[in-house]
Every structure is written in C-alpha cells, then in structure tokens.
Amino acid sequence: MEALILLLIGAIALPILALAARGDGQKRGKTAAAPRRARRSRCPNCGSPVIDHGSYWECGWCGDHGN
Ligand SMILES: [Zn+2]
C-alpha cells in the first residue's frame, strides 16, 4: 500500500518539478516570432523553409542543400 502512495506522489510531483525547472528558462523568451537557434531555416535560393537533417540541410522545394 505504501508503495502505491509513493508511486502516486512521484507521479504528481515529478511533472510539477519538471515544469518548475523549465519555467525558469523559458521566461526570457518574450518575442514569439523569434525562431529556435537553427542553422538554416530558410533556403538561400528560393526562401522556402528547409529540412534540417542534422549534418546538412535540404530544401524540399528547389532541392538546394548544404551544411
Ligand atoms: Zn530552395
């Protein structure tokens, strides 16, 4: 029975702690339009959003790619 109670407490407390820890770091992001620190979010050739594959990026529109 005690194990069940501990499990319940853990299930409730952990998400709260995680949210509290995350809330601190996210408070500063005020500009909603600010994009995530991406290497390349737009294709330099056609200007459409590119797919980031990690080591390189690829434009799904014109096929341009690079790293
Ligand atoms: Zn492109």
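In this report, we go over the structure that sits alongside the text. Sequence positions are assigned chain by chain, starting from 1 and proceeding in written order. At least 70 in pLDDT is required for a residue's local features to be given in this predicted model, at least 80 for side-chain atom pairs to be given and counted, and no such filter applies to totals for whole chains, interfaces and linings, which use all residues.

**Overview of the overall build of the protein chain**
For the protein chain, the count of helices and strands is one helix and three strands. Per the convention used, a helix needs a DSSP run of H or I reaching at least four residues, while a strand needs a run of E reaching at least two, with both numbered from the N terminus. The secondary structure elements of the protein chain, listed N-terminal to C-terminal, are α-β-β-β. Sorting the 67 residues of the protein chain into buried and exposed places 6% on the buried side. The exposure label follows from counting other C-beta atoms within 10 Å of a residue's C-beta, where the C-beta atoms are placed from the backbone and the thresholds are 20 or more for buried and 12 or fewer for exposed, leaving partly exposed in between.

**Looking at the sheet that holds strand 3 (residues 65–66)**
In this scheme, strands are said to pair when DSSP sees at least two bridges between them. What the three strands build is an open sheet, ordered 1-2-3; its pairing is antiparallel. In the strand order of this sheet, the two ends are held by strand 1 (50–52) and strand 3, each with one partner. Relative to strand 2 (residues 57–59), strand 1 is paired through three bridges, and the arrangement is antiparallel. Bridge assignment links Asp52 to a residue of strand 2, and that residue is Trp57.

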